[in-house]
Amino acid sequence: MTLRLHHNLFSASSQKVRLALAEKHIAWESVEVDLQAGQQHTPAYRALNPRGVVPTLVHNDAILIESAAILEYLDDVFPEPALRPVDPVARQRMRAWIRRLDDVHHPANGMMHYAVLGRPTLRALSSDRLSALLQAMPNRRDRTLRAAAAHLGVDAPEFADAVLTQEEMLDAMNDALTGSACLVGDTVSLADLTALPYVARLEQMGLAVLIESAGRQALADWYGRMKRRASWQTAIGVLPAPVVERWQALGRQAWPQVAMHLRRRPSSPPG
Ligand SMILES: N[C@@H](CCC(=O)N[C@@H](CS)C(=O)NCC(=O)O)C(=O)O
């Protein structure tokens, strides 16, 4: 049995799958896809994943794309420990969370990532290289957001929308976690693993105040518990410290532009 994951260390969607693999103690082979170098657009990779995104899981002869569908596949094929509730209502709620996180919050989190953290690299590209990179992106929405991040960064209207969308996610999660240990009930499910990389990215961007100091205590407690799981260390805690330090500095620089779009200001700015 071979299980080969084409992924990127920093990619939130890849982190979801790495979290599930770690939770289930499954051994896997790693194939790093360098997104900055454009390896996601090579013909060989596009043959695996026509959207030109990571992750892609190859299990024996099956090529599996879309992180949410990969997570369910892993839980079908490696049922222990289960990462989906048995009760159909709870399972439906888990899927609704995953759908919302993927459809709404993934693009918003990505917009914040590229406007704040990715922009220096995008700005350093020649205009020909930047156009080629944008043209290579097959998904129009992804392309539009990436162009806005490159050209206008934190001044883009899409950035304002992304901040609000992230704030709504944090509020919705805090509400769900008030009175329950996990997003759906008290047991960690695929919904928690799907949400975790987005919350982590905010902290890695130096914006932990949005979690800790903005009255979102239930979310802060959940985040602390998720970070104490062994899967955190393998899937997310492996990001190199110098990269995270650089991200935190870039996030602190962007704080005034983040803060001006917030509905609920934290009690203190990022330290
Ligand atoms: N819906 C897809 C989204 C995957 C996705 O957007 N991946 C990002 C990294 S998190 C990517 O590969 N981006 C390619 C690029 O930046 O060109 C999934 O969940 O697998």
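Refer to the structure above for everything that follows.
None of these values were measured; they are calculated from a predicted model.

S.K.: Just to check I follow, could you spell out the site of the ligand for this structure?
M.R.: Every one of the 14 residues lining the ligand counts as a neighbour, but Gln40, Val54, Glu66, Ser67 and His106 are closest to it. In the model, a nitrogen atom of the ligand is placed 2.6 Å from a nitrogen or oxygen of the Glu66 side chain. In the complex, the protein chains occlude 89% of the 520 Å² of accessible area that the ligand would expose alone. For the shell around the ligand, the elements supplying multiple residues, two or more each, are α1 (12-23) and α4 (88-124). Looking at the shell around the ligand, its residues break down into 5 nonpolar, 6 polar and 3 charged.

S.K.: How should the pairing of strand β3 (residues 56-59) be read in this particular structure?
M.R.: Successive residues of a regular strand alternate their side chains across the two faces of the sheet. Burial along β3 is two-sided: the face carrying Thr56 and Val58 and the face carrying Leu57 and His59 are both buried. Across 4 bridges, the pairing between strand β1 (residues 3-7) and β3 is antiparallel. Within β3, the position partnered with Leu3 by the bridge is His59. Relative to strand β4 (residues 62-65), β3 is paired through 4 bridges, and the arrangement is antiparallel. Paired with Leu57 across the two strands is Leu64, which belongs to β4. The antiparallel hairpin formed by β3 and β4 contains 2 residues in its connecting segment, where Asn60 sits at a positive phi of about 50°.

S.K.: Explanation requested: the pattern of salt bridges in the structure shown.
M.R.: Oppositely charged side chains can pair when the atoms bearing their charge come close. What the rule picks out here adds up to 17 salt bridges. Its salt-bridge partner being Glu29, residue Arg4 comes within 3.0 Å of it at the nearest N-O pair. Residue Arg4 is found in strand β1, and its partner Glu29 is found in strand β2 (residues 29-32); the two are separated by 25 residues along the sequence. Here Glu66 makes a salt bridge to Arg51, at a shortest N to O gap of 3.5 Å. Taken together, the residues span a long stretch of sequence, with Glu66 in the loop between β4 and α3 (67-77) and Arg51 in the loop between α2 (43-48) and β3 at a distance of 15 residues. With relative accessibility at 38%, the residue Glu66 sits in the partly exposed group. By relative accessible area, which is 31% here, Arg51 ends up partly exposed.

S.K.: Teacher, can you tell me more about the sheet that holds β4 here?
M.R.: Neighbouring strands of a sheet are bound in pairs by backbone hydrogen bonds; such pairs are parallel or else antiparallel. On the basis of which strands lie adjacent, the open sheet formed by 4 strands has the order β2-β1-β3-β4 and mixed pairing. Unpaired on one side and paired on the other, β2 and β4 mark the two borders of the sheet. Each neighbouring strand pair of the sheet contributes to a mean axis angle of 20°, computed without reference to strand direction.

S.K.: I would appreciate a short explanation of the nonpolar core in the present structure.
M.R.: It is characteristic of soluble globular proteins that their nonpolar side chains tend to be buried jointly. Leu74, Met111, Phe159, Met173 and Trp222 are the most contacted members of the largest nonpolar core, which totals 76 residues. Sort the elements by how many residues they give to this core and α4 lands first, with 11 residues. Those residues in contact with Met173, other than ones at most four positions away along the chain, are Trp97, Leu183, Ala195, Val199, Leu219 and Trp222. Ranked by size, the runner-up nonpolar core spans 6 residues in total, among them Leu122, Leu134, Ala147 and Ala150.

S.K.: It is not clear to me how helix α7 (residues 157-177) should be interpreted in this structure. Could you clarify?
M.R.: One turn of the α-helix equals 3.6 residues, which is why residues spaced by three or four share an orientation. With 21 residues, α7 extends 31 Å between its outermost C-alpha atoms, agreeing within 8% with the 30 Å of an ideal straight helix rising 1.5 Å per residue. Of the residues one or two after α7, Gly179 is the one with positive phi, at around 95°.

Here is what the cut-offs are and how they apply
Residues numbered from 1 in each chain as written. Predicted model: local features only at pLDDT ≥ 70, side-chain atom pairs only at ≥ 80, totals over all residues. Heavy atoms only, no water. Near = heavy atom within 4 Å. Polar contact = N/O pair within 3.5 Å; in protein donor to acceptor, adjacent residues only side chain to side chain. Areas by Shrake-Rupley, 256 points an atom, 1.4 Å probe, with all protein chains shown as cover. Helix = DSSP H or I, 4+ residues; strand = E, 2+ residues; numbered from the N terminus. Nonpolar A, V, L, I, M, F, W, Y, C, P; charged D, E, K, R; others polar. Buried < 20%, exposed > 50% of the residue type's maximum accessible area, 1.4 Å probe, protein only. Pairing = 2+ DSSP bridges. Salt bridge = Lys/Arg side-chain N within 4 Å of Asp/Glu carboxyl O. Axes fitted to C-alpha atoms, helices over the stretch in contact; angles between N-to-C directions. Core = buried A, V, L, I, M, F, W, Y, C linked by side-chain atoms within 4.5 Å. Contact = heavy atoms within 4.5 Å. Expected span 1.5 Å × (residues − 1).

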